[in-house]
Structure formats: C-alpha cells, structure tokens
Amino acid sequence: MGPHPAVAAIRLAVRRVLHDILNDHHASDAHHASAGQSPHERPPSPLVLVACSGGADSMALASALAFEAPRLGIRAGGVTVDHGLQPGSDLRAEEVALRLRELGLDPVESTAVTVGREGGPEAAARDARYAALDAAAERHGAAAVLLGHTRDDQAETVLLGLARGSGTRSLSGMAAVSGGPGAARRYRRPFLELDRQIARKACMVQSLPVWDDPHNTDPAYTRSRLRHEGLPALEKALGKGVVEALARTAQLSRDDADALDAWARQAEASVRDAAGLLECAKLYALPPAVRRRVLRRAAIEAGAPAGSLFARHIEEVDRLITGWRGQGAINLPGKVVARRQGGRLVIRQG
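Rules behind the numbers
Residues numbered from 1 in each chain as written. Predicted model: local features only at pLDDT ≥ 70, side-chain atom pairs only at ≥ 80, totals over all residues. Heavy atoms only, no water. Helix = DSSP H or I, 4+ residues; strand = E, 2+ residues; numbered from the N terminus. Contact = heavy atoms within 4.5 Å. Areas by Shrake-Rupley, 256 points an atom, 1.4 Å probe, with all protein chains shown as cover. Phe/Tyr/Trp six-rings, centres within 6.5 Å; stacked < 30°, edge-to-face > 60°. Buried < 20%, exposed > 50% of the residue type's maximum accessible area, 1.4 Å probe, protein only. Lys NZ or Arg CZ within 6 Å of the ring centre and 35° of its normal. Salt bridge = Lys/Arg side-chain N within 4 Å of Asp/Glu carboxyl O. Axes fitted to C-alpha atoms, helices over the stretch in contact; angles between N-to-C directions. Parallel < 35°, antiparallel > 145°, perpendicular 65-115°, else oblique. Left-handed = near helix turned anticlockwise from the far one by under 90°. Nonpolar A, V, L, I, M, F, W, Y, C, P; charged D, E, K, R; others polar. Pairing = 2+ DSSP bridges. Polar contact = N/O pair within 3.5 Å; in protein donor to acceptor, adjacent residues only side chain to side chain.

(A) Region of the structure containing the overall build of the chain. Broken down by element type, the chain carries 12 helices and 10 strands. If you line up the chain on its principal axes, its C-alpha atoms span 70 × 60 × 40 Å. The long-range fraction of contacts in the chain, counting pairs at least 24 apart against all pairs at least 6 apart in sequence, stands at 66%. Accessible area for the chain stands at about 17,900 Å²; split by element, carbon and sulfur atoms hold 53% of it.

(B) Quick look at the packing of aromatic side chains. All told, the structure shown has 1 aromatic pair when counted by the stated rule. Here tyrosine 130 and tyrosine 187 contribute two aromatic rings whose centre-to-centre distance is 5.2 Å and whose plane-to-plane angle is 85 degrees, an arrangement assigned as edge-to-face. You can see tyrosine 130 sitting in helix α4 (residues 121–140) and its partner tyrosine 187 sitting in strand β6 (residues 183–188), a full 57 residues away along the chain. Residue classification places tyrosine 130 among the buried positions, given a relative accessible area of 19%. What makes tyrosine 187 buried here is its relative accessible area of 2%. Here the basic side chain of arginine 11 rests over the ring of phenylalanine 67, its NZ or CZ set 3.5 Å away from the ring centre.

(C) Main features of the pattern of salt bridges. Applying the stated criterion across every chain, the model contains 26 salt bridges. Of the charged contacts, one joins glutamate 244 and arginine 151 as a salt bridge, the two residues approaching to 4.0 Å between their closest N and O atoms. Of this pair, glutamate 244 sits in helix α9 (residues 242–270) while arginine 151 sits in helix α5 (residues 151–164); the two residues are 93 residues apart in sequence, bridging distant segments of the chain. Given the relative accessible area of 30%, glutamate 244 is considered partly exposed. A relative accessible area of 19% means that arginine 151 is categorised as buried. Two residues, glutamate 235 and lysine 240, come together in a salt bridge whose shortest N-O distance is 3.4 Å. On the basis of relative accessible area, glutamate 235 is assigned to the partly exposed category, the value being 23%.

(D) Region of interest: the packing of α5 against α9. Remark: α5 packs on α9, axes separated minimally by 8 Å, with the N-to-C direction vectors making an angle of 70 degrees. It follows that α5 is roughly perpendicular to α9 by the angle criterion. At the point where α5 passes α9, the crossing takes the left-handed sense. Here Arg151, Asp152, Gln154, Ala155, Val158 and Leu159 of α5 lie close against α9, whose contacting residues are Val243, Glu244, Leu246, Ala247 and Ala250. Class assignment of the residues belonging to the contact of α5 with α9 gives a composition of 7 nonpolar, 1 polar and 3 charged.

(E) Here's a closer look at the packing of α5 against helix α8 (residues 222–238). The geometry of α5 relative to α8 is characterised by a closest axis approach of 10 Å and an angle of 95 degrees between their N-to-C directions. As summarised for this structure, α5 and α8 are arranged roughly perpendicular, according to the angle between their axes. Each of Asp153, Glu156, Thr157, Leu159 and Leu160 in α5 lies in contact with α8, whose residues at this interface are Thr222, Arg223, Leu226, Arg227, Leu231 and Leu234. In terms of residue class, the contact of α5 with α8 is made up of 5 nonpolar, 2 polar and 4 charged.

(F) The sheet that holds β6, seen in detail. What the 6 strands build is an open sheet, ordered β3-β2-β1-β4-β6-β5; its pairing is mixed. Single-partner strands in this sheet number two, and they are β3 (108–112) and β5 (177–180). On average, adjacent strands in this sheet sit at an angle of 35 degrees to one another, irrespective of strand direction. Relative to strand β4 (residues 144–146), strand β1 (residues 47–51) runs parallel, the two sharing 3 bridges.

(G) Inspection of the side chain of aspartate 273 at higher detail. Structurally, the position occupied by aspartate 273 is in the loop between α9 and β7 (278–279). The class for aspartate 273 is buried, based on a relative accessible area of 19%. In this structure the side chain of aspartate 273 is engaged in a polar contact, spanning 2.9 Å, whose partner is the backbone nitrogen of alanine 275.

(H) Looking closely at the environment of serine 53. Within the fold, serine 53 resides in the loop between β1 and α2 (56–68). Assessed through its relative accessible area of 42%, serine 53 is described here as partly exposed. Between the C-alpha atom of serine 53 and that of alanine 264, which follows or precedes it by 211 residues, the distance is 38 Å. Each residue touching serine 53, except ones within four places of it in the same chain, is listed here: Ser58, Thr80, Val96 and Trp211. One polar contact links the side chain of serine 53 to the main-chain amide nitrogen of glycine 55, over a distance of 3.1 Å.

So, in structure tokens, the structure goes:
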C-alpha cells in the first residue's frame, strides 16, 4: 500500500522541483566540462535547503525533501529563521532545527535576525528572512532554497496586489522560481498548486508536530485579516473555487507581464537617441503598458529602489510624455529626478 494521498501529493510536487534543480546542475556541469575542467573539479551533488518555520506547510515540505532528495542523489538541509518577535522564539527555532535533523536533513541551522520597521512589520520581517536565507544559501553553496507557499498563499498575494492597484505584475503573485542576489533561480515554491489543507493533512498522517504562528491569526496583520475574514467572505458571496481562480489569475497575469516586459526591453533601444536619452515622441507612440515599463526600467537604472517605486510614481513620469504642459521635474524615490528637456526625458539622480 502506497503513502496517504496527501503525502503522495507533496512528494510528487517536491520530486518535480528536484528534477528541475538536477537539470540546472547538469547544465552547469556540462558548462564546466566544456570549459576544460577535469571531472574532480566539477561541482559535487547539489545541496537543496528547505526554509522551515515549523508550520504545517514548511514541515510538510521538509519531510518531502528528506524523503525524495536521497533517491535522486541530492544533498538536503534546512534553515529556520528566528525573527525574535515573540517571547521564546529562540527556543522554538532550536526545536524546529532539531525536528529537521530528526528528518535526516544536514546541514541544519537556526539563524536569528533583527527585524526593522521599513515598509511595515510584515514587509520588514520578510526582508530580514530573505536576507538570512540568502546568506545561508551562500554559506553552504546551496543550489536552491525551497519555500512552502501554497495555493492559498498565492490567492492571498493576488488579492493584496489587487488592493495596491499596482498592475499586472502585482497580480501575478509569487513565481514558482525566483532569484536572490547573484542567483536567478535560487527560490523554488513546489506547493503553489497545492492547498494548505493538503500540507496539514500530510503532517497529521506522518505524525509531524507543527507550530501554529499566532501572528497568522492576529488581526493586526493585513494578510491575517485577509485569510480569516476577506477570503471566507468572498467564498460566501461567490461560492467555492475562489482560491483556485485567484491562483489561475496569478499564472495568466505572470504570462502577460513576462510578455510585456520582453516587449519593453526590445522597445527601449528604439526610443533612445544617439546619446542614449529617451525621446518623448517615440515613447508617446508606444502602447501605455510598454511605455510605463520602459519608464520604470529607466528609473531603476538611475538609482530608484524597485521596492519603493510605485504605480503612482510611474504615472507622474508618464504625464511628462502624454500630458506635457510645461510641468516641472518629478521627484522619485532614491533621490532620482525625472524631467522633460528639449523633447527628451532625462531621468537621473539629483
């Protein structure tokens, strides 16, 4: 008799991602071989880390990684991050690390972070967590870090993006594969097509202890309110299937956003003059979705932090192209200034 259906589902999801990681690794291996390195100089079997809070989603992910990785010749380890936001969080992090070791993961580490205040408590905790995961991946030379985000998390992310009014990219939610500093494909999310309840069930049937973070039910946090009030209200009004529909919207939006980003990259060269300045008349001729992407890229290249550059900033710069009435310069985050001069759009710091 095979494993419980929930356990089989999480293992299959992880197996697929590990195969992708192996393919990337073999491509790297082939590159080293073509560069003339001898076999003993080529990379060893890849190390994959799981980011684990001790909650049901990440514990299910850790258990599936511990089961599947050895069968594919992959080394598997784990990292738990202590945000220091609750009494006893350090002891809890050590407990999680112990559970990961009991699953057979190695290396395993618990790392403490200091959470700042920039962007609000949820964003600050996320930034600190990813910085710690990036550092752990670099320290151990990990090929990838697995994250336990589920389809439910994806639906919440889409709704949060909708509330911000930030456009197609914001509605595309979390990518199944995303990057870290110097590593374009570091983060993998195997569970984006699985419900949260499947992960919880998998933990239950395997007798895996899980920790329920009280922040997940604290109405002080936007995502918590959305999870416990917003989504249930939507399902009551619209019927079941809202989570699946939102996750599907994320994928369709991501495909659209990727296509528009590619178009904008191609168009950018055609709207610059010989000196590299953006020509307003040529920008005006572009479709608005493409033009705004060109403007956003130009602002980021000039030094505006991507995370602080919102749709309203780009709309103001766009009006220098589409609603020109002699208005003054536009101040952007990162002390970047955009102004129109002689039919050219100049975006630079200071």
